[in-house]
Amino acid sequence: MKILDYIKEKLLYLDGGMGTLLQARGLQPGEFPERWNLTHPEVIRSIHKSYYDAGSNVVNTNTFGANSLKFSKDELEEIVKAAIENARKAIEESSAPQPKWVALDIGPLGKMLKPYGDLDFEDAVSVFADTVKLGEKYGADLIFIETMNDSYETKAALLAAKEHSSLPVFVSNAYGADGKLMTGATPAAMVAMLEGMGADAIGVNCSLGPKALEGVVAEYLKYASVPVLLKPNAGLPKVVDGRTVYDVLPDEFASEVTALIRNGVRIAGGCCGTTPDYISATVKASSDIRPIPTEKKNVTCVSSYTHAVIFGEKPILIGERINPTGKKRFKEALKAHDIDYILGEGIAQQERGVHILDVNVGLPDIDEVAMIKEAVCELQTVTDLPLQIDTSDPVAMEAALRRYNGKAMINSVSGKQESMDVVFPLAKKYGGLIVALTLDESGIPETAEGRFEIAERILAEAEKYGIDKKDLIFDPLAMTVSSNANAARETLRAVKMIKDQLGCHTSLGVSNVSFGLPARDIINGSFFTLAMWQGLSAAIMNPYSAEMMKAYRAYLALNGMDENFAEYIGFSEGLTQQTVSASAEKPAEKKETYASELQRAVIKGLKEQAALLTEKMLAVTPSLEIVQKEIIPALNIVGEGFEKKTTYLPQLLMSAEAAKSAFEVIKSTMSGEKSSDKCRFVIATVKGDIHDIGKNIVKLILENYGFEVFDLGKDVSPEEIVEAVVRLRAPLAGLSALMTTTVPAMEETIKQLRERAPWCKIVVGGAVLNKEYADEIGADKYAADAMETVRYADQINESLKNS
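Residues numbered from 1 in each chain as written. Predicted model: local features only at pLDDT ≥ 70, side-chain atom pairs only at ≥ 80, totals over all residues. Heavy atoms only, no water.

### Regarding the overall build of the chain
Short version of the rule: Helix and strand assignments come from DSSP, with helices taken as H or I runs of at least 4 residues and strands as E runs of at least 2, each series counted from the N terminus. The atom set for the radius of gyration is the C-alpha atoms, and the globule formula is 2.2 Å times the number of residues raised to the power 0.38. Exposure is judged per residue with a 1.4 Å probe applied to protein chains only, and the accessible area is read against the type maximum: over 50% gives exposed, under 20% gives buried, and values in between give partly exposed. Note on areas: Shrake-Rupley with a 1.4 Å probe; residue coverage comes only from the protein chains shown. Charge counting treats Lys and Arg as positive and Asp and Glu as negative, with His and both chain ends excluded. Where a charge lies is defined by one atom per residue type: Lys uses NZ, Arg uses CZ, Asp uses CG and Glu uses CD.
Across its full length, the chain holds 30 helices and 25 strands. At 28 Å, the chain has a C-alpha radius of gyration in line with the 28 Å of a compact globule built from 803 residues. For the chain, the spread of C-alpha atoms along the principal axes amounts to about 85 × 75 × 50 Å. Sorting the 803 residues of the chain into buried and exposed places 62% on the buried side. Here the chain has roughly 30800 Å² of accessible surface; of this, 50% comes from carbon and sulfur atoms. Seen as two clouds, the 87 positive and the 111 negative side-chain charges of the chain have centres 1 Å apart.

Laid out in structure tokens, this is it:
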């Protein structure tokens, strides 16, 4: 039986942890577990067999870190081949009666993707593809992408799996205690992207115990139309008699997982700290449960790298200003490749309250494919709003969709057959909410009935590609009333017909209705109000238009969509300050609350602008004053937002990059003068661990706060770390580890530092650690994130200055 058929009717049981079991069998600190497929195949087979014997249907191959960044091409092939053979032999040796499958296990690469790191998206896809192709070649039954804490890397892995294999793909992400990925994505955002790209099952693994993941699982079950999986840790780790143990025992684990199975989880197993005993207990506790059927949720949404925007809860505003049509200054910016101008338009519209940004950079004089790809990537560094990819060029559309971090709006498809033939395959591959224009080869019908018929044909054609109506939003096309007095009425009728009879959402480019008339804002605002009362779901509009925003805020207030009228009151208080019209070529900016333009540039992550403003300030302001009164305060604002969970890691990193640009300008003028007198900080990822994302983030933030950071890299031995600390007489050392199997190397490093560098304060961090665990292995400080490291380092630096 095929696995996807099996899970339609049955619960599917996964395996548990591998790393802690390998440590118990002799895996040494710093040793790569994947090589044991070749050197200790009998151990790997024994572990796999024990999981099958415990009731697992699916065992993950011992390939979590098997990729071409870590191993040569030939060794990678040997490892993947042996790993799959080991699992296959375990199936043969197990006498357990349940159906059994082998999953090719794929974990994160340990590098941040651009723009936050140095790994290009396509390079990441290529690295994942190397492993995927070997998995299919040597007979894996499915691909299991797991422990991903970044939405963009998750997309790269899933894209590689879909492009280079025909196997089912399960995708599991690792969430923090705040219910978000490291880079900020909510479960709803991940469901939107992964389901849109065609993942066969999605869910949660690692990070926390089952009880702590209840909220994340509930959100998956609320939005997912595919089976939801759960593979939690056995609680939190601690060290007992030199061994890593976890605080949730098998029976408690089984009880908590079973409760979530009763809520709708269809696929269950364990991650760090779990053993065959945990799986056996879970199978026994839940095998008699009748699984809840997986049902379509009919949620229409788009997503960014942080959140999903759900259609139907209230009308959605789509900012129209990133579009050269009728905008002379924007055309000039495109021709001059002035990316900062485009980014500024995006930021300003977000500040005005839009939910989605339309992105159109089509001009005859530029390379639209290159420009839209760059615009999409750069916009996502300064705003977390979802984007609407607006282009008639299919090559440009694919370039943008491929690089987009989330589930985009796709603008647009029409009822023309050639349009549907091009757009629907792209939407099916990359996911997206498709804007469907109700026009065809004969043009735009004058009547609502004619447009409704085209909408029906578009739905029927989309169904052939497996695209559900929830992923279509219809634009019944606002036509100008100056040439047809009935145009607005027919559009409004079409909006209502599509909503009521097809059950689909609608969107309009509202301002088209007033073309050719004076005082267009008056017509636009009234038409917008009428459209919302007919059930309009979204509008592409100018957020600088006072009349449009009046109509929107009033509608929400009158329709019970503005709790305590808070948004309306806030909007009305600001009305007297608005002096711009919808037709203004460069509307006045919303009044800023930043201390200076340089602080705004740093906070918003505008690198080029930060450098230019710093250069200007240096003509009248001492360099150290700029650092201490402009750059550091700006970083503090972002850092405090990060600590309060109102700002996410990508925003923190882009602000740091903008600060770095400013620092570079300052350094070039200082002639050997130090920009800061803060202490030295040695940092490294410990022996055997090639994951340096966390370390690199901490390094960047520390440097921006003025610390002299010595980065020793990844997979660094205890001896090398100790030697550097002693040689530099560094008062601070930071150690990072992502994998359970490399924590012993961290403990050994701490032990050696205590012996040879007793003055050094040791900070540790990583996904497998917590405060209790850090205390037990002898660290001075457990830092959950980069800002906590900075705060502690500042304390140590101050104490050194005062001693």
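What follows continues from the structure just given.
### A closer look at the packing of aromatic side chains
Inclusion rule: The pairing test for Phe, Tyr and Trp rings, Trp by its six-membered ring, is centres within 6.5 Å, and the orientation test on the planes gives stacked under 30 degrees, edge-to-face over 60, and tilted for anything in between. Here, a charge over a ring is recorded when the distance from Lys NZ or Arg CZ to the ring centre is within 6 Å and its angle to the ring normal is within 35 degrees.
Counted according to the given criterion, the structure contains 10 aromatic pairs. On the basis of an interplanar angle of 80° and a centroid distance of 5.3 Å, the ring pair of F253 and Y278 is categorised as edge-to-face. Here F253 is found in helix α10 (residues 250-263), whereas its partner Y278 is found in helix α11 (residues 276-286), with 25 residues between them in sequence. In this structure, K70 is placed above the aromatic ring of F32, and the distance from its NZ or CZ to the ring centre is 4.5 Å. For the cation-ring pair, K645 lies above F642, with the distance from its terminal atom to the ring centre recorded as 5.9 Å.

### Overview of the nonpolar core
The nonpolar side chains of a soluble globular protein tend to be buried with one another. Short version of the rule: The definition of a nonpolar core used throughout is a set of buried Ala, Val, Leu, Ile, Met, Phe, Trp, Tyr and Cys residues joined through side-chain atoms within 4.5 Å. Here, two residues are considered to be in contact whenever any of their heavy atoms come within 4.5 Å of each other.
Ranked by size, the top nonpolar core spans 226 residues in total, and within it I145 and F528 carry the most contacts. Ranked by the residues each element gives to this core, the list is headed by helix α25 (residues 649-667), at 10 residues. Apart from residues lying up to four places away in sequence, F528 is in contact with L317, V510, L536, A539, M548, A551 and Y552. If you look at the next biggest cluster of nonpolar residues, it comprises 30 residues, including A684, L728, L735 and L769.

### Structural notes on the sheet that holds strand β1 (residues 12-13)
Cut-off, in case you're wondering: In this description, strands pair whenever DSSP reports at least two bridges between them.
Pairing is parallel in the open sheet, where 8 strands are placed in the order β1-β10-β7-β6-β5-β4-β3-β2. Unpaired on one side and paired on the other, β1 and β2 (58-60) mark the two borders of the sheet. Inspection of the sheet shows strand β6 (residues 201-205) paired to strand β7 (residues 228-231) by 4 bridges, in the parallel sense. Each bridged residue has a counterpart across the sheet, and for V204 the counterpart in β7 is L230.

### Considerations on a nonpolar patch on the surface
This is how the line gets drawn: Each patch is built from residues that are more than 30% exposed by relative accessible area and take part in no salt bridge. Like charges join if they lie within 9 Å; nonpolar side chains (Val, Leu, Ile, Met, Phe, Trp, Tyr) join within 5 Å. By convention in these notes, a salt bridge is any Lys or Arg side-chain nitrogen within 4 Å of a carboxyl oxygen on Asp or Glu.
A cluster of nonpolar side chains, contributed by F565, Y568 and I569, occupies part of the molecular surface with about 280 Å² of accessible area. Relative to the helices and strands, F565 is located in the loop between α20 (546-558) and α21 (566-574). Its relative accessible area of 43% is what places F565 among the partly exposed residues.

### Side note on helix α4 (residues 41-54)
Quick note on the threshold: Helix span is expected to be 1.5 Å times the residue number reduced by one.
Here α4 spans 20 Å end to end across 14 residues, near enough to the 20 Å set by a 1.5 Å rise per residue. If you check which residues of α4 are buried, you get V43, I44, R45, I47, H48, Y51, Y52 and A54. Where α4 is buried, its residues touch α2 (19-24), α3 (36-39), β2, α5 (73-93), β3 (101-106) and α11. Just downstream of α4, G55 is the residue with a positive phi angle, here 120°.

### A look at the pattern of salt bridges
Applying the stated criterion across every chain, the model contains 41 salt bridges. Bridged by salt links that share partners, the residues E122, E163, R402 and K429 form one connected network.

### Looking at the packing of α25 against helix α26 (residues 693-704)
To keep it simple, the criterion reads: Working convention: axes come from line fits to C-alpha atoms, limited for helices to the stretch in contact. Angles between N-to-C directions cover 0 to 180 degrees. Roughly parallel means an angle under 35 degrees; roughly antiparallel, over 145; roughly perpendicular, 65 to 115; everything else is oblique. Two helices that cross are described as forming a left-handed crossing if the nearer one is turned anticlockwise from the farther one by less than a right angle, and a right-handed crossing if clockwise. Throughout, the ten residues Ala, Val, Leu, Ile, Met, Phe, Trp, Tyr, Cys and Pro are labelled nonpolar, Asp, Glu, Lys and Arg are labelled charged, and all others, Gly among them, are labelled polar.
Across the interface, α25 lies against α26 with an axial gap of 9 Å and an inter-helix angle of 45°. On the basis of their axis angle, the class for α25 and α26 is oblique. Considering the relative orientation of α25 and α26, their crossing is left-handed. On α26, the residues that touch L649, L652, L653, A656, E657, A659, K660 and F663 of α25 are I697, L700, I701 and N704. A breakdown of the residues in the contact of α25 with α26 according to their chemical character gives 9 nonpolar, 1 polar and 2 charged.

### Some words on helix α9 (residues 214-223)
Restricting attention to buried positions, one finds in α9 the residues V216, V217, Y220, L221 and Y223. Tucked inside the fold, the buried residues of α9 contact β5 (169-173), α8 (187-196), β6, β7, α10 and β12 (308-310).

### Digging into the packing of α5 against helix α6 (residues 121-137)
Closest axis-to-axis distance for the α5/α6 pair is 9 Å, and the angle between their directions is 40°. Taken together, the axes of α5 and α6 are oblique relative to one another. In terms of crossing hand, the pair formed by α5 and α6 is right-handed. Between α5, through L76, E77, V80 and I84, and α6, the contact on the second element is made entirely by D130, T131, L134, G135 and K137. Per-class residue counts for the contact of α5 with α6 are 4 nonpolar, 2 polar and 3 charged.

### Let's talk about the pairing of strand β19 (residues 505-509)
Operational definition: Classification remark: right-handed applies to a crossover when, strands pointing away from the viewer, the course from the first strand over the helix to the second runs clockwise.
When you tally the buried positions in β19, you get 5 out of 5 residues, the bulk of the element. Of the two faces of β19, the one holding H505, S507 and G509 and the one holding T506 and L508 are both buried throughout. With 2 bridges joining them, strand β18 (residues 472-475) and β19 adopt parallel strand pairing. The residue bridging I473 from the neighbouring strand is H505, located in β19. In terms of handedness, the path from β18 via helix α18 (residues 487-502) over to β19 forms a crossover that is right-handed. Crossover handedness for the path β19 to helix α19 (residues 520-533) to strand β20 (residues 538-541): right-handed.

### Quick word on the sheet that holds strand β23 (residues 732-736)
A sheet is described by the order of its strands in space; here 5 strands give the open sequence β22-β21-β23-β24-β25, paired in parallel fashion. The open sheet terminates on both sides in strands that have one partner only, identified here as β22 (708-711) and β25 (781-782). Summarising the sheet, strand β21 (residues 680-685) and β23 pair through 5 bridges and their orientation is parallel. Counted as the bridge partner of A684 is L735 from β23. Of the strands in this sheet, β21, β22 and β23 touch helix α27 (residues 718-728), which is tilted by about 175° from β21. In the packing of helix α30 (residues 786-802) onto the sheet, contacts are made with β21, β23, β24 (761-765) and β25, and the angle to β24 comes to roughly 175°.

### Looking at the confidence of the model for the chain
Filter applied, for reference: Confidence of the predictor in every single residue is expressed as pLDDT, which spans 0 to 100.
Residues at a pLDDT of 70 or more form 97% of the chain, whose mean pLDDT is 93. Low pLDDT, under 50, characterises residues 579-591; the stretch is placed with 25 contacts to residues that sit more than four places away or in other chains.

### Examining the side chain of S717
Which entries qualify depends on this criterion: In protein, a polar contact requires one atom able to donate a hydrogen and another able to accept it; more generally it is a pair of N or O atoms within 3.5 Å, and residues adjacent in sequence count only if both atoms are side-chain atoms.
Tracing the chain through its elements places S717 in the loop between β22 and α27. Given the relative accessible area of 13%, S717 is considered buried. There is a polar contact of 3.0 Å between the side chain of S717 and the side chain of E720.

### A short note on a negative patch on the surface
Residues D247, E252, E772 and E776 make up a contiguous surface patch of negative charge. Within the secondary structure, D247 sits in the loop between β9 (243-246) and α10.

### Looking at the environment of N323
By the secondary structure assignment, N323 is in the loop between β13 (316-319) and α12 (328-335). Taking relative accessible area as the criterion, N323 reaches 12% and is therefore assigned buried. With 11 residues separating them in the primary sequence, N323 and L334 have C-alpha atoms 9.8 Å apart. If we skip the residues at most four places from it in the chain, N323 touches F330, D358, N360 and D390. Engagement of the side chain of N323 in a polar contact is seen with the side chain of T325, the distance being 2.9 Å.

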